[in-house]
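Results of the structural survey
Below are the chains, spelled out letter by letter.
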Amino acid sequence: MEKEKTKIYQKGEKVLNQKAREVPLDKIGEKKFQDIIKKLERVIFENDEALAAAAPQVGDPWRIFAVSEWALHPNEKKADFKNIVFINPKITKTSKETSLAPESCLSAPQYYGNVKRAQKVKVEAYDENGEKFRRGASGLLAQVIQHETDHLDGILFVDKLKSKS
Ligand SMILES: [Zn+2]
C-alpha cells in the first residue's frame, strides 16, 4: 500500500485563520519543533508543485515555514535543492515596487490567481539550529516568503486575489 501523504489543512479550517505563535528560541531544538520542521519538508517533498509550506498548514500554529531553494532556480529540477527553514520570521523591509503574479496554495488547491506583492523583501529569522540569519530576496523567492509569512498571520492568498481565474 502506498504511504499516505501528510495531511494539509484546507481553507475554512480554523488553524489557517489564526495568528501563529512565536517559537521560544531555547526550545527550537526540542523534538516537538524539529518534528514540525520535518513535516514541512515532507510536504514540500510529497507535492511536486510545492515550493514551500507553513506550520499552520500542517495543523501546528507556530511561526515556522520552509521554502525550497528551488524557488531560486525554477527552471531546474526541484529534487536537487535543499529547503531553507524560517523560524519567527520578520519581514524588516519591503520594496515600494510591486508586481502582480500568479499564486496557488496547497491549502486552497481550487484557487489560482494574481496577487500583488513587493518585488523585494528583507527578512530576519532563526534557522533549524536556532541561529539568527538575515537575507534579502527578490522575484519568486520574495513572493513565496510573503505568502508564507501571511500564513503565520492567518491570511490566505485567496483573501488578496486581484482577479479570479
Ligand atoms: Zn499557501
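Residues numbered from 1 in each chain as written. Predicted model: local features only at pLDDT ≥ 70, side-chain atom pairs only at ≥ 80, totals over all residues.

Threshold: UniProt positions are given in the numbering used here, feature names are shortened, and annotations may be inferred rather than shown by experiment.
Per an unreviewed UniProt entry, the protein goes by the name Peptide deformylase. According to UniProt, the comment filed for the protein under the heading Function (unreviewed entry) is "Removes the formyl group from the N-terminal Met of newly synthesized proteins. Requires at least a dipeptide for an efficient rate of reaction. N-terminal L-methionine is a prerequisite for activity but the enzyme has broad specificity at other positions." Its UniProt record, at the heading Catalytic activity (unreviewed entry), says of the protein: "N-terminal N-formyl-L-methionyl-[peptide] + H2O = N-terminal L-methionyl-[peptide] + formate".

Description of the pairing of strand S6 (residues 120-126)
This is how the line gets drawn: Exposure in this text rests on C-beta crowding, where 20 or more other C-beta atoms within 10 Å of a residue's own make it buried, 12 or fewer make it exposed, and counts in between make it partly exposed. The C-beta atoms are placed from the backbone. Every helix listed is a DSSP run of H or I at least four residues long, and every strand listed is a run of E at least two residues long, numbered separately from the N terminus. When DSSP finds at least two bridges between two strands, those strands are taken to pair.
By the alternation rule, side chains of S6 split into Val-121, Val-123 and Ala-125, which are all buried, and Lys-120, Lys-122, Glu-124 and Tyr-126, of which none is buried. As defined by bridge partners, strand S3 (residues 83-94) adjoins S6 across 5 bridges and the pair is classed as antiparallel. Looking at the pairing, Thr-94 lines up with Val-121 of S6. As consecutive antiparallel partners, S6 and strand S7 (residues 132-138) are separated by 5 residues, and within that stretch Gly-130 has a phi angle of approximately 85°, a positive value.

So, the sheet that holds S3
Note the cut-off: Only the stretch in contact is used when a helix axis is fitted, and all axes are lines through C-alpha atoms; the angle between N-to-C directions ranges over 0 to 180 degrees. We call two residues in contact when the distance between their C-beta atoms, placed using the backbone, is within 7 Å.
Spatially, S1-S2-S3-S6-S7 is the arrangement adopted by the 5 strands of the open sheet, whose pairing is antiparallel. The sheet is open, and its two edges are formed by strand S1 (52-54) and S7, each paired on a single side. Going from strand to strand, the sheet's axes swing by 40° on average, the running direction of each strand aside. For S1 and strand S2 (residues 64-68), the ladder comprises 3 bridges, and the chain directions are antiparallel. Bridge pairing in S2 places Ala-52 opposite Val-67. Packing of helix H1 (residues 31-46) onto the sheet brings it into contact with S1, S2 and S3, and relative to S2 it is tilted by some 35°.

So, H1
Helical geometry note: an α-helix holds 3.6 residues per turn, so side chains three or four residues apart project in the same direction. Quick note on the threshold: By definition here, a helix of n residues has an expected span of 1.5 Å times n minus one. Here the arc refers to the set of directions running from the helix axis out to each C-beta atom.
Compared with an ideal rise of 1.5 Å per residue, which puts 16 residues at 22 Å, H1 spans 22 Å between its outermost C-alpha atoms and is within 8% of the ideal. Turning to H1, its buried residues are Phe-33, Ile-36, Leu-40, Val-43 and Ile-44. With its buried residues spanning 100° around the axis, H1 presents them on a single face. In H1, the exposed positions angled more than 90 degrees off the buried face are occupied by Lys-31, Gln-34 and Asp-35.

A few points about unusual backbone geometry
The backbone phi angle of Asn-88 is positive, close to 50°, even though this residue is not glycine. Along the chain, the position of Asn-88 falls in strand S3. Take Asn-88: there are 19 C-beta atoms within 10 Å of it, and that puts it in the partly exposed class.

Some points on the UniProt feature "active site" (unreviewed entry) in the protein
The UniProt entry lists Glu-148 under the feature "active site" (unreviewed entry), expressed in the numbering used here. Relative to the elements of secondary structure, Glu-148 occurs in helix H2 (residues 139-152). Dropping the residues within four chain positions of it, Glu-148 is found in contact with Ala-52, Ala-54, Phe-65 and Val-67.

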